[in-house]
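# Observations on the three-dimensional arrangement
If you want the building blocks of each chain, they are given just below.
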Number of protein chains: 2
Amino acid sequence: MSGPEWESLEQCLEKHLPPADLREVKRVLYGKETRRLCLPTAALQAASAGDFELQGYTFEAAREQLRQPRTVRVGLVQNRTPLPADAPVANQVSALHRRIETIAEVAAMCGTNIICFQEAWTMPFAFCTREKLPWTEFAESAEDGPTTRFCQKLARKHDMVVVSPMLERDATHGDVLWNTAVVISNSGTVLGKTRKNHIPRVGDFNESSYYMEGNLGHPVFQTRFGRIAVNICYGRHHPLNWLMYSINGAEIIFNPSATIGALSESLWPIEARNAAIANHCFTCAINRVGQEHFPNEFTSGDGKKAHQDFGYFYGSSYVASPDGSRTPGLSRNRDGLLVVELDLNLCRQVNDIWNFKMTGRYEMYARELAEAAKPNYSPNIIQEF
Amino acid sequence: MSGPEWESLEQCLEKHLPPADLREVKRVLYGKETRRLCLPTAALQAASAGDFELQGYTFEAAREQLRQPRTVRVGLVQNRTPLPADAPVANQVSALHRRIETIAEVAAMCGTNIICFQEAWTMPFAFCTREKLPWTEFAESAEDGPTTRFCQKLARKHDMVVVSPMLERDATHGDVLWNTAVVISNSGTVLGKTRKNHIPRVGDFNESSYYMEGNLGHPVFQTRFGRIAVNICYGRHHPLNWLMYSINGAEIIFNPSATIGALSESLWPIEARNAAIANHCFTCAINRVGQEHFPNEFTSGDGKKAHQDFGYFYGSSYVASPDGSRTPGLSRNRDGLLVVELDLNLCRQVNDIWNFKMTGRYEMYARELAEAAKPNYSPNIIQEF
């Protein structure tokens, strides 16, 4: 088996490796072993009835004398679009609302405090088409569109912070679109929003035809369950983006994404995990699953024939810890919910051990970057003659 | 088997996985398959006679119309210290010179154009002891010390650029020490030097007792075989350090290191590889091997009893490519030489595909970092009340 059918790296290793070797392979690949979280039977049954994977893990921190453990459970949701992309827009959106409602219900049964959905979760990832209608009709107001109201209800019902990445229509600034994540407090209040800071021009990711680079900087949201930030999709390739969220105090950075096998699968386990290590924080990498077919054919800038599908989204959502360890990934092809318990005290503990912030020399880099960004910059190159 | 005896991740996977699964595991772990390089039989025999591993791989780029392929072979050397740490300083240094001479000879037989040794290659990694004598006696002038003269001879003899990471004694600035890498042109000229920009205070890595953060910025060396830079050891944890070398034009960044199993092994495959991806360049991660025992006992800041050894250096040197793929690692416990052929055209090709520089928004980050570095910085935190 290969391609989308191949279930996951972890399942393959567990099937074939002898126990002692499996332990060493996991140590080298994943660091310190991540304990499984004991989840309620009712939740496991509901997940099975709802036909989605449910996995739970926990990251522990050392006990401190002056701080209690700061335990929080995050829920990462990966899913396919239930209806085909040529179904009416309103039907597609409500089918997705219903699907997420079911999954969030199970997340609540598992004690999830903060839930995050995948990038542009209310729609197919239609930016490959470069068509405007009907895709731009999926855009909504971040503050009071139907999807935000739906998420507010979820948040209140489950006493849960909701991170809702969606296509935003900005009516107060010329009706432009943004790739946005709305953060809703567990009280149901819209805490604020954050926008995708880096926009791809890669293959089928024609997103710069729809929206520009975010203009909200690097906000961090102080929730009841810890300080969180959202680095949307392509921003995970930019170490500075992660860094600024971390400098602003983020303890958990979500990376809701939509990315496909042929393009990025070997980068996926590297980037969010590197960010967790480099910034002494937890990172949550979320990718959608399945194949999306579009009504009209399009080309992909790769010299190949026009086609109507968008490769396959390979799921594999995971959480990485500041100590360099990580959870296994969710399936590459099934809807799934990953519930992970974090002790946020680990962030400062690892910071005190590795000291990347203390040794970061940010003043020097601010100066060097400011120079380097000038049109007449002369790079520091030493040559023999 | 576990600990230092466990040979390598790759050997374990190849032994146990069925071919089809092995292909998928490698694709997810390592990206596009890296072809083996055909090396001369005489070189393989010489390596075997010299009791060190010799591996070769090649990364290819697409053919272009206007540029010829820019093919270069790099050689990464990992080795243990041949003599015990309590042997006379001069004997330890000459034993290391002899060892490296043998390995460089084989590298030359394999057509290596640029060779890089491990961090502080002329000495045991004695900074765990916090003792000054005899360890500071390993320091030499970067410009005309015996080790630099030795490397100049190597460079001329083999028409090879030599990157020589060593402990520098800076006689013209108060006799201070630096952790430095000297870059010697294939003509034998000292092209220049670069210094370790970030200094650890982690466990046994008491290096800040010996030398301070480098003051030479981020120089890039234009050699006959391409533009190279050297990010020494702990600098690999700092994404900004890689970034500035890349902004200054580095196509290959060497990361000569000395790091041990318990501390960093699960970080090792992540960081240099992430840097290759994020910066559209090749990165070469080099770690020493073996266990070093010191004459006097020392503690490690971990609450454990005093001891005389420094864990085990786990080798596993590898090269990562801008397209996200990588070579397997060298052994975890044997001396080794990794010869990798790179087509430097791949850097710009991947840059044109992924566009991380074009979409990098460096002006914004220069401003944000300059603000964040101020003592009175107020982080961008949004809260409900």
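Report on the accompanying structure. (Residues numbered from 1 in each chain as written. Chains lettered and ligands numbered in written order. Predicted model: local features only at pLDDT ≥ 70, side-chain atom pairs only at ≥ 80, totals over all residues. Heavy atoms only, no water.)

This paragraph deals with the packing of helix H10 (residues 362-372) of chain A against helix H10 (residues 362-372) of chain B. Between H10 of chain A and H10 of chain B, the least distance of the axes is 8 Å, while the angle of their chain directions is 150°. Between H10 of chain A and H10 of chain B, the angle is such that the two are roughly antiparallel. Read as a crossing pair, H10 of chain A and H10 of chain B show a hand that is left-handed. Note on element contacts: H10 of chain B touches H10 of chain A through Tyr362, Tyr365, Ala366, Leu369 and Ala370 of chain B, opposite Tyr362, Tyr365, Ala366, Leu369 and Ala370 of chain A. Class assignment of the residues belonging to the contact of H10 of chain A with H10 of chain B gives a composition of ten nonpolar, no polar and no charged. (Axes fitted to C-alpha atoms, helices over the stretch in contact; angles between N-to-C directions. Helix = DSSP H or I, 4+ residues; strand = E, 2+ residues; numbered from the N terminus. Parallel < 35°, antiparallel > 145°, perpendicular 65-115°, else oblique. Left-handed = near helix turned anticlockwise from the far one by under 90°. Contact = heavy atoms within 4.5 Å. Nonpolar A, V, L, I, M, F, W, Y, C, P; charged D, E, K, R; others polar.)

With that out of the way, let us pick up the relation of the copies chain B and chain A. Note on the copies: chain B fits chain A at an RMSD of 0.0 Å, the axial shift is 0.0 Å, and the rotation between them is 180°. In the structure described here, the two chain copies are related by an operation that fits a two-fold rotation axis. Within chain B, alanine 366 of chain B has its C-alpha nearest the rotation axis, a separation of 2.3 Å. When you check the interface residues of chain B against chain A, 100% turn up at the interface there too, and the contact is symmetric in its surfaces. (Least-squares fit on C-alpha atoms with pLDDT ≥ 70 in both.)

What follows deals with the side chain of glutamate 265 of chain A. Position of glutamate 265 of chain A among the secondary structure elements: in the loop between helix H7 (261-264) and helix H8 (268-279). Each residue touching glutamate 265 of chain A, except ones within four places of it in the same chain, is listed here: Ile260, Tyr312, Tyr314 and Arg332 of chain A together with Arg27 and Val28 of chain B.

Turning to the sheet that holds strand E9 (residues 226-230) of chain A, a few remarks are in order. If you walk across this open sheet you meet the six strands as E16(A)-E11(A)-E10(A)-E9(A)-E8(A)-E18(B), and the pairing is mixed. One side of each edge strand has no neighbouring strand; the edge strands of this open sheet are strand E16 (318-320) of chain A together with strand E18 (381-383) of chain B. Mean inter-strand twist for the sheet, computed between neighbouring axes without regard to direction, equals 25°. With three bridges connecting them, strand E8 (residues 220-223) of chain A and E9 of chain A associate as antiparallel partners. Directly across from phenylalanine 221 of chain A, in E9 of chain A, lies its bridge partner isoleucine 228 of chain A. Sitting on the sheet, helix H6 (residues 239-247) of chain A is in contact with E8, E9, strand E10 (252-257) and strand E11 (282-287) of chain A, with an inclination near 145° to E10 of chain A. (Pairing = 2+ DSSP bridges.)

Our focus in this paragraph is the sheet that holds strand E1 (residues 35-36) of chain B. Strand-to-strand pairing in sheets goes through backbone hydrogen bonds, with the strands running parallel or antiparallel. Residue and element names in this part refer to chain B. Spatial strand order, E1-E2-E17-E3-E4-E5-E6-E7: eight strands in an open sheet with mixed pairing. One side of each edge strand has no neighbouring strand; the edge strands of this open sheet are E1 and strand E7 (190-195). Pairing of strand E4 (residues 114-116) with strand E5 (residues 161-170) involves three bridges; the strand directions are parallel. Paired with isoleucine 115 across the strands is valine 162, a residue of E5. Across the sheet, helix H4 (residues 89-109) lies against strand E2 (53-59), strand E3 (71-78), E4 and strand E17 (336-343), angled at about 35° from E17, the strand it touches most.

This brings us to unusual backbone geometry. Residues and elements named next belong to chain A. Of note, the bond from leucine 133 into proline 134 is cis; its omega dihedral lies within 30 degrees of zero at 0°. Within the fold, proline 134 resides in the loop between strand E4 (114-116) and helix H5 (146-158). Unlike most non-glycine residues, cysteine 233 shows phi in positive territory, near 40°. Summarising the element assignment, cysteine 233 is placed in the loop between E9 and H6. The phi dihedral of asparagine 355 is positive, around 60°, even though this residue is not glycine. The topology assignment puts asparagine 355 in the loop between helix H9 (345-354) and H10. Residue asparagine 355 is classed as buried on the basis of its relative accessible area of 9%. (Buried < 20%, exposed > 50% of the residue type's maximum accessible area, 1.4 Å probe, protein only.)

Moving on, we come to the pattern of salt bridges. All names here are of chain B. This model, assessed by the stated rule, comprises 52 salt bridges over all chains. Measuring nitrogen to oxygen at the nearest pair gives 3.0 Å for the salt bridge that ties glutamate 24 to arginine 27. On the criterion of helical spacing, the pair formed by glutamate 24 and arginine 27 is a turn pair, its members being three residues apart in helix H2 (residues 19-30). The buried category is assigned to glutamate 24, whose relative accessible area is 7%. Since its relative accessible area comes to 22%, arginine 27 is described here as partly exposed. (Salt bridge = Lys/Arg side-chain N within 4 Å of Asp/Glu carboxyl O.)

To continue, consider the pairing of E5 of chain B. All names here are of chain B. Where burial is concerned, most of E5 is hidden: nine out of the ten residues are buried. In this region the chain leaves E4, passes through helix H5 (residues 146-158) and returns to the parallel neighbour E5; the handedness of that crossover is right-handed. Bridge count for E5 against strand E6 (residues 176-184) is nine bridges, and the pairing is antiparallel. What sits directly across from valine 162, in E6, is isoleucine 184. Between the end of E5 and the start of E6, which pair antiparallel, lie five residues, with glycine 174 showing a positive phi angle near 75°. (Right-handed = clockwise from strand over helix to strand, strands pointing away.)

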